[in-house]
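# Structural overview
Okay, here's what each chain looks like letter by letter:
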Amino acid sequence: MSIKDILLPLVGEPSAAAIAAIDKCMAMAGDIGAQVTAMAVEEDILVRPKVMVSDDLDNTVVAEAVRSVSDAQGLLKAFDAAAIRFGVRSERRLGRLAAADIPAHFALDARLKDLSIVPVKPHDGRSEKIVERLIFESGRPVLICPEEFAGELEVAFDDVVIAWDHTAPAARAVADAMPILQAAANVRIVTATDDKTTAELESGAALVRHLVTHGIEASFETVRIDGSSVGKVFGCYVRSNAIDLLVMGAYR
């Protein structure tokens with residue numbers, strides 16, 4: 001199945017990093033010929049005004065918190081500009097929600113899309129909640145675009161790594177990424193292990209054979225964990241080998 005219909009969830013403020021991430025997401029969508037629907041959310045923000053004490057004022061009223069919203073329109077403006085620049089077919093939607101309701105709303109929208117591309121901020125709890133809800137409740141794959149590196153990222157995924165451990169999440173990730181794997185110039189299957197068991201080696205070789213049936217030539221290798229975490233091992237591997245995309249199952 002090809003990727004033709006993408007959801008781009010947008011929340012927060014139109015910072016330079018956020019706009020760079022929107023540009024990169026749209027450039028990628030244009031490269032594969034997909035349509036993108038931007039779902040922007042005006043998030044309720046609590047703003048506490050300065051309190052002035054005066055005999056002439058009702059200080060209870062003055063002290064009340066003032067509610068405002070995030071600049072979703074600014075994000076949509078950047079989206080519209082990127083759609084024109086990269087020639088991407090696009091739709092836009094705007095909603096207003098409380099912060100707690102945003103992740104579930106995105107997950108519902110994502111169920112009828114081929115893929116969600118999510119710009120994520122570093123060390124940001126809201127980004128984590130959105131990604132987790134999409135993974136657990138949308139039933140569709142998620143592509144994460146880190147805002148802090150958006151300017152450096154490639155548009156085309158020529159060098160792709162599959163993080164392989166023969167689990168169901170890893171198998172699902174491979175299946176979901178098949179159109180991208182077929183378009184890649186170089187695909188590597190990598191298993192993080194300190195043991196190199198016969199079962200692990202046979203599993204990697206079997207995945208190589210499976211991908212061949214889909215027209216994909218892939219290599220297989222193992223990397224040591226050496227007391228680190230699997231996530232850090234693959235993060236290091238991606239950076240040191242200039243990998244464009246990591247295909248990885250999420251959670252068991």
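First, a word on what this report is: a plain description of the structure on this page. Predicted model only: the values in this text are computed from it and were never measured. (Residues numbered from 1 in each chain as written. Predicted model: local features only at pLDDT ≥ 70, side-chain atom pairs only at ≥ 80, totals over all residues. Heavy atoms only, no water.)

Check the secondary structure of the protein and you find nine helices and ten strands. Classification of the 252 residues of the protein by burial places 42% in the buried group. Within the protein, contacts between residues separated by at least 24 positions form 78% of all contacts whose residues are at least 6 apart in sequence. With an accessible surface of roughly 13,400 Å², the protein has 54% of that area assigned to carbon and sulfur atoms. Averaging the locations of the 26 positively and 37 negatively charged side chains of the protein gives two centres separated by 2 Å. (Helix = DSSP H or I, 4+ residues; strand = E, 2+ residues; numbered from the N terminus. Buried < 20%, exposed > 50% of the residue type's maximum accessible area, 1.4 Å probe, protein only. Contact = heavy atoms within 4.5 Å. Areas by Shrake-Rupley, 256 points an atom, 1.4 Å probe, with all protein chains shown as cover. Lys, Arg positive; Asp, Glu negative; His and termini not counted. Charge placed at Lys NZ, Arg CZ, Asp CG, Glu CD.)

Before going further, it helps to spend a moment on the environment of Leu112. Mapped onto the elements, Leu112 comes out in the loop between α4 (102-110) and β5 (115-120). Sequence-wise, Leu112 and Gly215 are 103 residues apart; in three dimensions their C-alpha atoms are separated by 28 Å.

The topology assignment puts Glu43 in strand β2 (residues 35-47). A polar contact is formed between the side chain of Glu43 and the side chain of Arg126, at a distance of 2.3 Å. (Polar contact = N/O pair within 3.5 Å; in protein donor to acceptor, adjacent residues only side chain to side chain.)

We now examine the state of the cysteines. Counting across every chain of the model gives zero disulfides. Of all cysteine sulfurs, the one in Cys145 lies closest to Cys25, which takes part in no disulfide; the gap is 4.0 Å. On the accessibility criterion, Cys145 (5% relative accessible area) is buried. (Disulfide = S-S within 2.5 Å.)

When we look at burial in helix α9 (residues 230-240), the residues that qualify are Val233, Phe234, Gly235, Tyr237 and Val238. Residues of α9 that are buried in the fold lie against β7 (159-163), β8 (186-192), β9 (218-223) and β10 (245-247).

This brings us to the pairing of β8. Summarising burial for β8: six of the seven residues are buried, a large majority. Sheet topology places β7 next to β8; five bridges connect them, and they run parallel. Its bridge partner being in β8, Ile162 is matched across the sheet by Ile189. Here six bridges tie β8 to β9, and the two strands are oriented parallel to one another. Paired with Arg188 across the two strands is Ser219, which belongs to β9. Note that the unit made of β8, helix α8 (residues 198-212) and β9 has a crossover that is right-handed. (Pairing = 2+ DSSP bridges. Right-handed = clockwise from strand over helix to strand, strands pointing away.)

Turning our eyes to something else, we now look at the environment of Arg209. Along the chain, Arg209 turns up in helix α8. Judged by its relative accessible area of 54%, Arg209 is exposed.

Moving on to the packing of α4 against helix α5 (residues 125-137). Each pair of packed helices can be described by the angle between their axes along with the distance between the axes. Interaxial distance between α4 and α5 falls to 8 Å at its minimum, and their mutual angle equals 40°. Taken together, the axis directions place α4 and α5 in an arrangement best described as oblique. Viewed along their axes, α4 and α5 form a crossing whose handedness is right-handed. On α5, the residues that touch Ile102, Pro103, Ala104, Phe106, Ala107 and Ala110 of α4 are Lys129, Ile130, Arg133, Leu134 and Glu137. The class makeup of the residues in the contact of α4 with α5 is eight nonpolar, no polar and three charged. (Axes fitted to C-alpha atoms, helices over the stretch in contact; angles between N-to-C directions. Parallel < 35°, antiparallel > 145°, perpendicular 65-115°, else oblique. Left-handed = near helix turned anticlockwise from the far one by under 90°. Nonpolar A, V, L, I, M, F, W, Y, C, P; charged D, E, K, R; others polar.)

This paragraph deals with the pattern of salt bridges. Inspection of the entire model under this criterion finds ten salt bridges. A salt bridge links Arg93 to Asp109, with the nearest nitrogen and oxygen atoms 4.0 Å apart. With Arg93 in strand β4 (residues 90-97) and Asp109 in helix α4, this residue pair connects regions lying 16 residues apart in the sequence. Looking at Asp109, the relative accessible area reads 18%, which means it is buried. Between Lys121 and Glu147 there is a salt bridge whose closest N-O contact spans 3.3 Å. (Salt bridge = Lys/Arg side-chain N within 4 Å of Asp/Glu carboxyl O.)

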